[in-house]
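# Architecture and fold: a report
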Amino acid sequence: MRKRIPALLALATLGAGCGSDDEELTVAPASRLTTSSPSLAGTYERRLTRADIERTDHLRDESLPDQEKPQPGPLELRLEQGTLTMTDVGAGVTIRQDFSATSDGAFRIGAYQAPDQGSFCGPDVSQTASYTWERSGDVLRLGPEQDQCPDRDSILSGEWKRR
């Protein structure tokens, strides 16, 4: 019975958050991260530069599978309903991951939604990461807090302009 009590409390806590008008994010069943914050939803774009890539060179281990450097070029980021969709426009690669963000600037990245179709780093690197975010007008700024994937760090960190 003691093992059931924490599980029941966790379920009750999750249920208590339903229907809230808060801008805080909730964790949905099956660890799918979702957002109720309309302030981040949208499509953004930026250009990946050589400087972005070089900034994370010391973290990259090209002996691991899928650890080749990304190429500079145009990127698109779409944030909606707990899904982060990043498209490398030049390479034609799209990567989807669960994400959540809170009004205090925390931005957490969860599991890949379709790792067989695209991922930032190979299976030897953690899927999860944490960033900070802030938005000013049409500009969203993401900054790495903890990310073991240098490709994702190079690509996501920086200023994104809303389309």
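Details of the structure are given in the entry above.
Let me begin by describing the structure that accompanies this report. This one's a predicted model, so the numbers in the text were calculated from it and none came from an experiment.

This part takes up the overall build of the protein chain. Secondary structure assignment for the protein chain yields three helices and 10 strands. Counting from the amino terminus, the protein chain carries its helices and strands in the arrangement α-β-β-β-α-β-β-β-β-β-β-α-β. Of all 163 residues assigned to the protein chain, the portion counted as buried reaches 40%. For the protein chain, the proportion of contacts with a sequence separation of at least 24, taken over those separated by at least 6, is 51%. Accessible surface, the protein chain as shown: approximately 9,400 Å² in total, 50% of it carbon and sulfur.

All right, on to the sheet that holds strand β6 (residues 93–101) then. Taken together, eight strands build a closed barrel; the order of strands is β3-β4-β5-β6-β7-β8-β9-β10 and the barrel is antiparallel. If you compare each strand with its neighbour and ignore which way they point, the axes differ by 35 degrees on average. Pairing of strand β3 (residues 42–48) with strand β10 (residues 158–162), which is carried by two bridges, proceeds in the antiparallel orientation. The residue bridging glutamate 45 from the neighbouring strand is lysine 161, located in β10.

Leu77, Phe107 and Leu156 are the most contacted members of the largest nonpolar core, which totals 27 residues. Only β3, β4 (73–80), β5 (83–88), β6, β7 (106–112), β8 (129–136), β9 (139–146) and α3 (150–156) provide two or more residues apiece to this core. Beyond its immediate sequence surroundings of up to four residues, phenylalanine 107 is in contact with Leu40, Leu79, Leu84, Phe99, Ser100, Ala101, Ala129, Ser130, Tyr131, Thr132, Trp133 and Leu142.

What follows covers the packing of aromatic side chains. For the structure on display, the rule yields one aromatic pair. Where phenylalanine 99 meets phenylalanine 107, the ring centres are 5.1 Å apart and the plane angle is 25 degrees; that geometry is what we call stacked. In this structure, arginine 46 packs its charged tip against the face of tryptophan 160, placed 5.5 Å from the ring centre.

Considering all chains together, one arrives at one disulfide under this definition. Each disulfide pairs two cysteine sulfurs, and for cysteine 121 the partner residue is cysteine 149, the sulfurs being separated by 2.0 Å. Judged by the sign of its S-S torsion, about 85 degrees, the cystine formed by cysteine 121 and cysteine 149 is right-handed. Taken together, the positions of cysteine 121 in the loop between β7 and β8 and cysteine 149 in the loop between β9 and α3 put the pair 28 residues apart, joining distant regions of the chain. Of the two residues, cysteine 121 and cysteine 149, both sit in the buried class.

A few words now on the pattern of salt bridges. Two side chains that carry opposite charge are able to pair once their charged atoms sit near each other. Applying the stated criterion to the full structure yields 10 salt bridges. The residue aspartate 151 makes a salt bridge to arginine 60 at a minimum N-O spacing of 3.0 Å. Linking aspartate 151 in helix α3 with arginine 60 in the loop between α2 (50–55) and β4, this pair joins segments that are 91 residues apart in sequence. Neither residue differs from the other here; aspartate 151 and arginine 60 are each classed as buried. What you see here is one network of salt bridges that share partners, running through Glu45, Glu76, Arg78, Glu80 and Arg163.

Moving on: the side chain of serine 157. Relative to the assigned elements, serine 157 resides in the loop between α3 and β10. A relative accessible area of 5% places serine 157 in the buried class. At 2.9 Å, the side chain of serine 157 and the side chain of aspartate 153 are in polar contact. The residues contacting serine 157, other than those within four sequence positions of it, are Arg46, Arg55, Tyr131, Leu142, Gly143, Pro144 and Arg152.

As paired strands, β7 and β8 are joined by four bridges and run antiparallel to one another. Paired with alanine 106 across the bridge in β8 is threonine 132. Counting the residues that bridge the hairpin from β8 to β9 gives two residues, and of these glycine 137 lies at a positive phi of roughly 60 degrees.

What counts and what doesn't
Residues numbered from 1 in each chain as written. Predicted model: local features only at pLDDT ≥ 70, side-chain atom pairs only at ≥ 80, totals over all residues. Heavy atoms only, no water. Helix = DSSP H or I, 4+ residues; strand = E, 2+ residues; numbered from the N terminus. Buried < 20%, exposed > 50% of the residue type's maximum accessible area, 1.4 Å probe, protein only. Contact = heavy atoms within 4.5 Å. Areas by Shrake-Rupley, 256 points an atom, 1.4 Å probe, with all protein chains shown as cover. Pairing = 2+ DSSP bridges. Axes fitted to C-alpha atoms, helices over the stretch in contact; angles between N-to-C directions. Core = buried A, V, L, I, M, F, W, Y, C linked by side-chain atoms within 4.5 Å. Phe/Tyr/Trp six-rings, centres within 6.5 Å; stacked < 30°, edge-to-face > 60°. Lys NZ or Arg CZ within 6 Å of the ring centre and 35° of its normal. Disulfide = S-S within 2.5 Å. Salt bridge = Lys/Arg side-chain N within 4 Å of Asp/Glu carboxyl O. Polar contact = N/O pair within 3.5 Å; in protein donor to acceptor, adjacent residues only side chain to side chain.

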